[in-house]
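Letter by letter, the chains look like this.
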Amino acid sequence: MDFLKKLVGQKQPSSRDVAKERLKLVLVHDRVSMSPQMLQTLKDELIAVISRHLDVDQAGVQITIGEGNRLVADIPLLPKGDRRTH
Amino acid sequence: MSVQVVTITSGKGGVGKTTTAANLGVSLALLGKRVVCIDTDIGLRNLDVVMGLENRIVYDLVDVVEGNCRLRQAMIKDKRLSELYLLPAAQTRDKTAVGPDDMVALCAQMKDDFDYILIDSPAGIEQGFRNALAPADRVLIVTTPEVSAVRDADRIIGLVEAAEKPSPKLIINRIRPEMVDRGDMLSTVDIIEILAIDLIGIVPDDEDIIVSTNRGVPVAFENNSSAGTAFRNIARRIEGEEVPFMALKDQAGFFKRLVKLVRQG
């Protein structure tokens, strides 16, 4: 696999960059005391609540904890069948 | 100047807290300051061996707190420096023998006799850490360029802030510039960006540390050692002096890349 990647000139990210990304992610969850599993549960519950009022594009929903400890929910909606956008 | 209580902690074990405490004690004493180092790692004391004073222990921290001896009887005077003392931890007692209030009272008792009280904290976030943190005027967090150590440092920063202490300062220990350069180690810039606290020292990975610990002579006594210089520089920064960070290859590389980026942009 590594050989193939080298052959096509695809560079592996350095272990330094991997460490940095892993750290950032783990700290996001540490800082708010919320595991990725709990975040998934929150996402499912949010979708359930909003779906009572709106048609949610469930596959596109993104719930993340971002810079400055902000919970960011990106919830795309499905267009209504009778008011389809062109 | 009134006494400054400086607590050295890390969360993770084995990152160099005790080595840092010993070397900052020596470095501050070399600057002519009156210094006492207190080992609060009850049951797992080590500051005594790193400072090379292990053969002279009679009484310890728990003896002082329990009133078995006077404070002066428990403090060991370093023979190489006239104003450096060690108050060792107890080796055969439980860590619950001392509480945070005892530490605050102890430091208050020492305040007229010293310029600096350096507290070597045990690893972890439990009672021993709480004891070390309670009397602190300043907190220094030691970390190494590893995911586990940086993660624990982040947790400690949160606990220090929750205790309403001033924002802690960071010491990055065991940096290997050549590994950073080839993309196999977190750089000082990476770590600062992630932890978002002020840096007070960068200590390169240096074989001299092992040799000096073998001998019980802290590396800060060695004028030609890069780690020794790094520790002496931290002491000067603690004193409020502006000391530029040693030029590690890593930083040069970073700035070169930055300049390149700026030019491209």
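Here, the structure is the one placed above.
Since the structure is predicted, the reported quantities are computational estimates derived from the model, not experimental observations.

Visitor: Is there a simple way to think about the sheet that holds strand 6 (residues 138–143) of chain B in this case?
Guide: Picture the strands of a sheet paired through backbone hydrogen bonds; they go either parallel or antiparallel. Residue and element names in this part refer to chain B. Spatially, the eight strands line up as an open sheet ordered 3-4-2-5-1-6-7-8, and their pairing is mixed. The open sheet has two edge strands, strand 3 (76–77) and strand 8 (199–204), and neither has a second partner. Pairing of strand 3 with strand 4 (residues 84–87) involves two bridges; the strand directions are antiparallel. The residue of strand 4 that forms the bridge with Ile-76 is Leu-86. Against the sheet, helix 1 (residues 17–30) makes contact with strand 1 (4–9), strand 2 (35–39), strand 4, strand 5 (116–120), strand 6 and strand 7 (169–175), and its axis sits at roughly 165 degrees relative to strand 5, the strand it touches most.

Visitor: Any chance you could explain the interface of chain B and chain A here in plain terms?
Guide: Interface size is commonly expressed as the accessible area that is lost once the parts come together. Between chain B and chain A, the contact holds 12 residues from the first and 11 residues from the second. Put simply, the parts of the chain that give the side of chain B that touches chain A at least two residues each are helix 7 (147–162) and helix 9 (188–195) of chain B. Considering each element in turn, the side of chain B that touches chain A owes the most residues, five residues, to helix 7 of chain B. Along the lines of polarity and charge, the residues of the side of chain B that touches chain A split into six nonpolar, one polar and five charged.

Visitor: Please explain the packing of helix 7 of chain B against helix 9 of chain B as it appears in this structure.
Guide: Packed helix pairs are specified by the crossing angle of their axes together with the interaxial distance, meaning the distance between the axes. All names here are of chain B. Between helix 7 and helix 9, the least distance of the axes is 10 Å, while the angle of their chain directions is 35 degrees. The handedness of the crossing between helix 7 and helix 9 is right-handed. Facing helix 7, whose interface residues are Val-150, Ala-153, Asp-154 and Ile-157, helix 9 presents Ile-191, Ile-194 and Leu-195.

Visitor: Whenever I open this one, the nonpolar core confuses me. Can you help?
Guide: Generally speaking, a soluble globular protein has its nonpolar side chains buried in company with each other. In terms of nonpolar packing, the biggest core is built from 74 residues, with B:Cys37, B:Leu61, B:Leu118, B:Ile119, B:Ile141 and B:Phe231 touching the most fellow members. Among residues more than four places away in sequence, those in contact with B:Cys37 are B:Ala21, B:Ala22, B:Gly25, B:Leu47, B:Leu86, B:Leu118 and B:Asp120.

Visitor: What should I look at first to understand the packing of helix 2 (residues 15–31) of chain A against helix 7 of chain B in this one?
Guide: It is at 10 Å that the axes of helix 2 of chain A and helix 7 of chain B come closest, and there the two elements cross at 30 degrees. Viewed along their axes, helix 2 of chain A and helix 7 of chain B adopt a mutual orientation that is roughly parallel. Taken as a pair, helix 2 of chain A and helix 7 of chain B cross one another with a handedness that is right-handed. Within the contact between the two elements, helix 2 of chain A uses A:Ala19, A:Arg22, A:Leu23, A:Val26, A:Leu27 and A:Asp30 and helix 7 of chain B uses B:Val147, B:Val150, B:Arg151, B:Asp154 and B:Arg155.

Reading guide: rules and limits
Residues numbered from 1 in each chain as written. Chains lettered and ligands numbered in written order. Predicted model: local features only at pLDDT ≥ 70, side-chain atom pairs only at ≥ 80, totals over all residues. Pairing = 2+ DSSP bridges. Helix = DSSP H or I, 4+ residues; strand = E, 2+ residues; numbered from the N terminus. Contact = placed C-beta atoms within 7 Å. Axes fitted to C-alpha atoms, helices over the stretch in contact; angles between N-to-C directions. Nonpolar A, V, L, I, M, F, W, Y, C, P; charged D, E, K, R; others polar. Left-handed = near helix turned anticlockwise from the far one by under 90°. Core = buried A, V, L, I, M, F, W, Y, C linked by C-beta atoms within 7 Å. Buried ≥ 20, exposed ≤ 12 C-beta atoms within 10 Å, placed from the backbone. Parallel < 35°, antiparallel > 145°, perpendicular 65-115°, else oblique.

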